[in-house]
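# Coordinate analysis (summary)
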Amino acid sequence: MVVGAGLMGAGIAQVSAKAGYQVTLVDRTDADLQRGKAQIEKSAATLVKKGSYLPDDPELLLSRIHFTTQLKEGKDADLVIEAVPERLSIKQEVFRELDEIVKADAILASNTSSLSIAAISSVTRRPDQVIGMHFFSPVPNMKLLELVRSIITSEQTVQIAQAVGEKMGKETIVAPDYPGFIVNRVLVPMMNEAAFLVMEGNDPEEVDRGLMLGANHPIGPLRLADYCGLDTTLYTLESLYEGFNDPKYRPCPLFKRMVEAGMLGKKSGRGFYQYE
Ligand SMILES: NC(=O)c1ccc[n+]([C@@H]2O[C@H](COP(=O)([O-])OP(=O)(O)OC[C@H]3O[C@@H](n4cnc5c(N)ncnc54)[C@H](O)[C@@H]3O)[C@@H](O)[C@H]2O)c1
């Protein structure tokens, strides 16, 4: 079962169905489910064009996904991956409910980018069976799956999540349950430092070209921040800053001002760059 049919949840349902799993995809309203379904259809059609999917794949994998607004329709799931908004209270509410509904031996995973897996698991009676399964966007294209093990997650839970990830065609790394895990702990401070360079008067294109040509990055940190959403990136930075109480993660004031001004990157049409 996948809970939340947004950008990430729809992608996770897609790669799960592609791997051969039967999936129950849950969201709050039919309109949310329709939007998720349309995202899967569009992505699958693009992957057929690229030759990554067979022509019959889109229909086949959609036949493996059951769309519903009722969490209890996924009660037989062996694994649940939650992808609802990045707020601890929302996630805890979902986990509390899931713990009542699904089998005692089912594993509960969260796709959180920055929240504590221990805090999410604390509302369940099975904290050792709770793990972070942090996918990257766009889920069908990105190779990495970061598994987040809390201090109470069991070894068996890690092994099962790893095996499922590999069946989905992902490469896994196991990260500790501290803010930013592994990837965002390195990536997001780099974006923040790049924003400081812009605040000091550097041109965003110069900063990005510098990292692309000098460090062999396929995309510059500022354009990547624009793609991830400057609000989401700022939220992760704030988690690092507050989670470690360390001034080295202080969010760049320019970053904050841009988010306050509604410059959220590609999704709002303007961030460090302008978009159509
Ligand atoms: N966007 C990214 O690049 C990215 C990358 C990695 C991880 N994440 C994480 O994935 C999670 C989801 O992010 P997203 O970008 O897909 O968000 P999104 O806003 O696109 O999707 C969230 C979905 O959850 C649904 N929802 C809200 N409350 C619900 C509930 N109680 N039950 C069922 N569905 C509910 C919403 O209707 C929405 O469709 C967040 O924790 C985020 O931090 C996001």
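Residues numbered from 1 in each chain as written. Predicted model: local features only at pLDDT ≥ 70, side-chain atom pairs only at ≥ 80, totals over all residues.

## Things to note about the overall build of the protein chain
Looking only at helices and strands, the protein chain features eleven helices and eight strands. A compact globule built from 276 residues would reach a C-alpha radius of gyration of about 19 Å, and the protein chain, at 19 Å, matches this within 12%. Here the C-alpha coordinates of the protein chain stretch approximately 55 × 45 × 30 Å along the principal axes. Put simply, the protein chain has 276 residues, and 42% of those count as buried. Considering only residue pairs separated by 6 or more positions, the protein chain has 66% of its internal contacts joining residues 24 or more positions apart. (Helix = DSSP H or I, 4+ residues; strand = E, 2+ residues; numbered from the N terminus. Rg over C-alpha atoms; globule rule 2.2 N^0.38 Å. Buried ≥ 20, exposed ≤ 12 C-beta atoms within 10 Å, placed from the backbone. Contact = placed C-beta atoms within 7 Å.)

## Details of the nonpolar core
Counting residues in hydrophobic clusters, the biggest one holds 46 residues, and the most contacted among them are Val2, Ile12, Ala13, Val80, Ala109 and Ile131. Broken down by element, this core gets its largest block of residues, six residues, from helix H1 (residues 7-18). In contact with Val80, not counting residues within four places along its chain, are Met1, Val3, Gly74, Leu98, Val102, Ala106, Leu108 and Ala109. Listed in part, the 20 residues of the second largest apolar core include Val188, Val207, Leu222 and Cys252. (Core = buried A, V, L, I, M, F, W, Y, C linked by C-beta atoms within 7 Å.)

## As for the domain arrangement of the protein chain
In terms of domain boundaries, the protein chain breaks down into domain 1 (2-176) and domain 2 (185-268). Taking only C-alpha atoms into account, the centre of domain 1 sits 27 Å from that of domain 2. (Domains from an automatic or database assignment.)

## Some words on the sheet that holds strand S6 (residues 130-135)
Sheets are built from strands paired through backbone hydrogen bonds, the pairs being either parallel or antiparallel. The eight strands lie next to each other as S3-S2-S1-S4-S5-S6-S7-S8, forming an open sheet whose pairing is mixed. In the strand order of this sheet, the two ends are held by strand S3 (65-68) and strand S8 (171-176), each with one partner. Where strand S7 (residues 144-149) meets S8, six bridges bridge the pair, whose relative direction is parallel. Looking at S8, one finds that Arg149 is bridged to Pro176. Those strands touched by helix H6 (residues 155-167) are strand S4 (79-82), strand S5 (107-110), S6, S7 and S8, and its axis lies near 170° from that of S7. (Pairing = 2+ DSSP bridges. Axes fitted to C-alpha atoms, helices over the stretch in contact; angles between N-to-C directions.)

## Observations regarding the pairing of S6
With six of six residues buried, S6 lies mostly within the body of the structure. Across the two faces of S6 the burial is the same, with Val130, Gly132 and His134 and Ile131, Met133 and Phe135 all buried. When S5 meets S6, the two strands line up parallel, connected through three bridges. Each bridged residue has a counterpart across the sheet, and for Ser110 the counterpart in S6 is Gly132. Sheet analysis places S6 next to S7, joined by four bridges and oriented antiparallel. When the sheet's bridge partners are listed, Met133 is paired in S7 with Leu147.

## Quick look at the site of the ligand
Gly4, Gly6, Met8, Glu86 and Ser137 are the nearest of the 24 residues found near the ligand. Contributions of two or more residues to the shell around the ligand are made by H1 and helix H4 (88-101). Of all the elements, H1 adds the most residues to the shell around the ligand, at three residues. Residue composition of the shell around the ligand, grouped by class: twelve nonpolar, eight polar and four charged. (Near = placed C-beta within 6 Å. Nonpolar A, V, L, I, M, F, W, Y, C, P; charged D, E, K, R; others polar.)

## Focus: the packing of helix H9 (residues 221-228) against helix H10 (residues 230-244)
Two elements in contact, H9 and H10, have axes whose closest approach is 6 Å; the angle formed by their N-to-C orientations is 100°. Taken as axis vectors, H9 and H10 run roughly perpendicular relative to one another. Here Ala225, Asp226 and Cys228 of H9 come into contact with H10, specifically with Leu230, Thr232 and Thr233. Partitioning the contact of H9 with H10 into residue classes produces three nonpolar, two polar and one charged. (Parallel < 35°, antiparallel > 145°, perpendicular 65-115°, else oblique.)

## Concerning unusual backbone geometry
Cis peptide bonds are those with omega within 30 degrees of zero, and the linkage from Ser137 to Pro138 qualifies with -5°. Here Pro138 is to be found in the loop between S6 and S7. Unusually for a residue other than glycine, Phe181 sits at a positive phi of about 50°. Classification of Phe181 by C-beta neighbours within 10 Å gives buried; the count is 23. Of note, the phi angle at Asn245 is positive, near 50°, even though the residue is not glycine. Among the secondary structure elements, Asn245 is positioned in the loop between H10 and helix H11 (253-260).

## Some thoughts on H9
With respect to burial, H9 is a largely interior element, seven of its eight residues being buried. All of the buried residues in H9 are Pro221, Leu222, Arg223, Leu224, Ala225, Asp226 and Cys228. Phi turns positive, to about 100°, at Gly229, one or two residues after H9.

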